[in-house]
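# Residue-level structural notes
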Amino acid sequence: MRLFDKMKKQIARWAMLALLTGAAGAHAADWQNSLVAVSANAAETNTLVIKVSLSKALSRLPESFSVDGPSRIIVDFMGASNELGRSTQEFNQSELRNVEIIQGEDRTRLVLNLNRSLPYSTKLVGNDLLITLQTAALASSTGTSRFAPESASASQKHSLRDIDFRRGKNGEGRIQVDLSDVNIGIDVRRQGRNLLVDFSKTQLPANLQHKLDVVDFGTPVQMVDTFVRGDHVYMVIEPKGAWEYASYQTDNRFVVEIKPVVEDPNKLAKAGAYSGEKLSLNFQNISVREALNVIADFTNMNIVISDSVTGNLTLRLKEVPWDQALDIIMQSRGLDMRRSGNVVQIAPREELAAKEKLALTAKQEISELESVHTESFQLNYQQADAVAAILSNEKQRILSKRGSAVVDPRTNTIFVQDTSSQLESVRSLIKQIDVPVRQVMIEARIIEASNKFGRSLGARLGYGSTDTFGGGNLRGNIGANQVIAPAGVINPINGVAGGTFTANANIPNVNLPVANAAGTFSMLLFNKGLSKLLSLEITASETDGKGRIISSPRVVTADQQEAIIEQGTEIPYQTIAAVGAPPTIAFKKASLILKVKPQITPDENVIMNVSINKDTVGTLIVQGVPTVDTNKVVTQVLVENGGTVMIGGVHTQTDITTINKVPLLGDVPILGNLFKNTKRQDDKGELLIFLSPKVLKDSLNLR
């Protein structure tokens, strides 16, 4: 009963559609005006004027709007027919490729196909409509719609006059902005989950600096926030759910439409995921064609069934999605389907494959017979020879077999000869890759800190005597020691009473002094008769040093381009290649080298492949050549824009205590210090490496 009711509704819809078609045909025949000619001329520098001539003068400007991807300007002439005798007119002049004239039931639509988005204005002059394109406008980048260049005059004041929000008939949210003039630079881009509109060098009246809460309108837009930052006015649009946007500018009015993305309930499921409305089928020995017609009536779907679809089947399905039922029927009979718009064609797989093969073969034959054209592309940022290599790459050719690319390096222009369809692909590719490369400034900070402490204590101890043992004198030598003999005392060395003499006392001796001592304490003891001498000399030294070396190399490079900055010295040394050959001079580097290759991520972070080498001249010298102390770090890091990361740190500590002593005597408490040399060294060092990347936007700034 449910299926019968649906069939009755379908028959009623067909009858209503027939009546509407007849009424539309009767209305379409009553044309009041017509398009008779379309031409384009460069009126002045950076301006292109398209003149549309009509048989009668228009009473008001026709409706027009612009879209991106591809870039087009659409003008609707209500009640006008196409009398040009063609539907397409080629221009290839400046940024205008061609014009399409499409006649509908109640209007004729004029579509201007452009190379990039451009601001435009319209004006009526007699029976002509003049469409003026500002060809000097900056091209829109990927994901960004740009409607006008920034004004070259710094004194010109731009401002927003009014901001209005409306709900469209299909549930879309429409934000309308009235501009003071058509030369305001406007950028539209996605920013996270929001949509950001940037009005460059524009003022905003105080009464428009507020948030619009538009939840009650029932559109995807929840909030519209407009505020000022410097000389820019920003409009942040906050939608919800799945949405898409379209933006266009007509004269002094800029419009942004946020539309909800609605899933088609009748679209066929993919990869076995079925989501159609459930139905039940119970048929005995029904023909395949009738089963397909039942599903078409149930879903109101347009189906074309091939004459080669035959056979019967038995179905018993209960509460299954209709797309699953359709899939079961086709698989059981070896059928397949192809969708074209809102029409589905069903036929055996072999038949569809054969038709597609024939279509592809015919298309290839047509492309081989199609006439070729030559078009020039002047590149702004890319090198022409690099683009030509991409187009003519044998592994992945963009050009056809008959296509070719020639480069003029003097003007950085590439001339491409190929069919019209391939030229369109080349044009799209060049538009995508011929964009300015973003730059990154990387600042590295290398900090070396050291703390050195040393202490040394040594002694020299000697004893001498002039007493005679077995007919000889026992003498030693610790050095010249001046002794003043008291009056009346006979000098045992020279037999003179009183005076000054040199005493030698070094048997036995202890000789453990400190090299390069900072302080020395010496003492000489002798008896009354100066026959016995004891010499003592204590040396000590202590060093305490602290140091910090900061190196801060900075380099700017393009995205995904390696940069190298180096500073240091080269140490010369002699080498001998062969026996008897004269020596040659070679050099060894001791430098600070920073190698970095940045990559900017879509979320404005920076991935860096980094290699930092910090070499210094060492203190050790081998055959007249000093050694090189090396510190090196090679890594890959992800850092946020403007952030800082420490990519490496080396901490060293050296604690050495050295004791030279006389056995046994050096171990005696306190007095043992006279029989030993003690040296202690405590050195600490630390190496830290920091990196800070910053994405440069408007201008190079090294401050």
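Notes on the structure follow. Note that this is a predicted model, so its numbers are computed, not measured.

## Observations concerning the overall build of the chain
Tallying secondary structure elements over the chain gives six helices and 44 strands in all. For the chain, with 703 residues in total, the buried portion stands at 37%. Contacts spanning at least 24 positions in sequence make up 63% of the contacts within the chain whose residues lie at least 6 apart. Surface exposure of the chain reaches about 41100 Å², of which carbon and sulfur atoms provide 52%.

## Focus: the environment of Lys684
For Lys684, the position within the fold is in strand β44 (residues 676-696). Separated by 231 residues in sequence, Lys684 and Phe453 place their C-alpha atoms 8.7 Å apart. Discounting residues that sit within four places of it in the chain, Lys684 has contacts with Ala449, Ser450, Asn451, Thr652 and Gln653.

## Notes on the sheet that holds strand β29 (residues 413-418)
With respect to topology, three strands assemble into an open sheet ordered β27-β29-β28, the strand pairing being antiparallel. Only two strands of the sheet have a single neighbouring strand rather than two, namely β27 (373-378) and β28 (404-408). Between one strand axis and the next, the sheet turns through 20° on average, direction left out of account. Note: β27 against β29, six bridges, orientation antiparallel. By the bridge assignment, Thr374 is partnered in β29 with Gln417. Helix α5 (residues 384-391) contacts β28 and β29 of the sheet and is inclined by roughly 25° relative to β29. Strands in contact with helix α6 (residues 420-433) are β27 and β29; relative to β27, the strand with the most contacts, it is inclined by about 5°.

## Concerning the side chain of Thr539
When you line up the elements, Thr539 lands in strand β37 (residues 532-551). A polar contact is formed between the side chain of Thr539 and the backbone nitrogen of Val514, at a distance of 2.9 Å. Setting aside residues no more than four positions away along its own chain, Thr539 makes contact with Ser456, Leu457, Gly458, Pro513, Val514, Ala517, Gly519 and Thr520.

## Here we look at a nonpolar patch on the surface
On the surface, Phe521, Met523, Leu525 and Leu534 cluster together into a nonpolar patch covering about 350 Å² of accessible area. The element best represented in the nonpolar patch is strand β36 (residues 519-526), accounting for three residues.

## A closer look at unusual backbone geometry
Phi is positive for Asn300, close to 55°, though the residue is something other than glycine. Classification of Asn300 as partly exposed rests on a relative accessible area of 41%. One non-glycine residue, Asn412, lies in the positive phi region at around 55°. A relative accessible area of 17% places Asn412 in the buried class.

## Considerations on the sheet that holds strand β12 (residues 158-167)
Strand order in the open sheet formed by five strands is β16-β12-β13-β21-β20, and the pairing between neighbours is mixed. Each edge of the open sheet carries a strand with a single partner, namely β16 (202-203) and β20 (243-250). In this structure, β12 lies alongside β16, joined through two bridges in parallel fashion. Its bridge partner lying in β16, Ser159 is registered against Gln203.

## Here we look at the pattern of salt bridges
Tallied over the full model, the rule gives 21 salt bridges. With a shortest N-O distance of 2.7 Å, Arg109 and Asp76 are connected by a salt bridge. On the criterion of sequence distance, the pair formed by Arg109 in strand β8 (residues 107-114) and Asp76 in strand β4 (residues 72-78) is long-range, its members being 33 residues apart. The closest approach of N and O atoms between Glu443 and Arg445, which form a salt bridge, is 3.6 Å. Several salt bridges converge on common partners, so that one network encompasses Asp76, Asp106, Arg107 and Arg109.

## Some thoughts on the packing of α5 against α6
At a closest axis distance of 12 Å, the pairing of α5 and α6 adopts a crossing angle of 135°. The angle between α5 and α6 places the two elements in the oblique class. The two elements α5 and α6 cross, and the hand of that crossing is right-handed. Contact with α5, carried on its side by Val387, Ile390 and Leu391, involves Val426, Leu429, Ile430 and Ile433 of α6 and no other residues of that element. Across the contact of α5 with α6, the residue classes tally to seven nonpolar, no polar and no charged.

## A look at the nonpolar core
Grouped together as the largest cluster of nonpolar side chains are 26 residues, with contacts concentrated most on Leu326, Ile329 and Ile346. Looking at this core, the elements with two or more residues in it are β22 (278-287), α2 (288-299), β23 (302-305), β24 (312-321), α3 (322-332) and β26 (343-348). With seven residues, the single largest contributor to this core is α2.

## Some details on the side chain of Asp225
Mapped onto the secondary structure, Asp225 falls in strand β18 (residues 221-229). Buried and unpaired, Asp225 has Lys211 as its nearest opposite-charge partner, separated by 4.2 Å.

## Section: α2
With twelve residues, α2 extends 17 Å between its outermost C-alpha atoms, agreeing within 8% with the 16 Å of an ideal straight helix rising 1.5 Å per residue. The buried count for α2 comes to nine of twelve residues, which makes it a mostly enclosed element. Listed as buried for α2 are Val288, Ala291, Leu292, Val294, Ile295, Ala296, Asp297, Phe298 and Thr299. Positive backbone phi, at 55°, marks Asn300, one or two positions downstream of α2.

## What to know about the packing of aromatic side chains
A full pass over the atoms with the stated rule returns three aromatic pairs. Arg190 extends its terminal NZ or CZ atom over the ring of Trp243, reaching a point 4.0 Å from the ring centre.

## As for the packing of α2 against α3
A pair of packed helices is characterised by two quantities: the angle between their axes and the separation of those axes. Between α2 and α3, the shortest axis-to-axis distance is 11 Å and the interhelical angle comes to 165°. One finds that α2 runs roughly antiparallel with respect to α3. When the axes of α2 and α3 are compared, the crossing they make is left-handed. Counted together, Val288, Ala291, Leu292, Ile295, Phe298 and Thr299 of α2 and Trp322, Ala325, Leu326 and Ile329 of α3 form the full contact between these two elements. Across the contact of α2 with α3, the residue classes tally to nine nonpolar, one polar and no charged.

What counts as what
Residues numbered from 1 in each chain as written. Predicted model: local features only at pLDDT ≥ 70, side-chain atom pairs only at ≥ 80, totals over all residues. Heavy atoms only, no water. Helix = DSSP H or I, 4+ residues; strand = E, 2+ residues; numbered from the N terminus. Buried < 20%, exposed > 50% of the residue type's maximum accessible area, 1.4 Å probe, protein only. Contact = heavy atoms within 4.5 Å. Areas by Shrake-Rupley, 256 points an atom, 1.4 Å probe, with all protein chains shown as cover. Pairing = 2+ DSSP bridges. Axes fitted to C-alpha atoms, helices over the stretch in contact; angles between N-to-C directions. Polar contact = N/O pair within 3.5 Å; in protein donor to acceptor, adjacent residues only side chain to side chain. Patch = residues over 30% accessible without salt bridge, like charges linked within 9 Å, V, L, I, M, F, W, Y side chains within 5 Å. Salt bridge = Lys/Arg side-chain N within 4 Å of Asp/Glu carboxyl O. Parallel < 35°, antiparallel > 145°, perpendicular 65-115°, else oblique. Left-handed = near helix turned anticlockwise from the far one by under 90°. Nonpolar A, V, L, I, M, F, W, Y, C, P; charged D, E, K, R; others polar. Core = buried A, V, L, I, M, F, W, Y, C linked by side-chain atoms within 4.5 Å. Lys, Arg positive; Asp, Glu negative; His and termini not counted. Expected span 1.5 Å × (residues − 1). Phe/Tyr/Trp six-rings, centres within 6.5 Å; stacked < 30°, edge-to-face > 60°. Lys NZ or Arg CZ within 6 Å of the ring centre and 35° of its normal.

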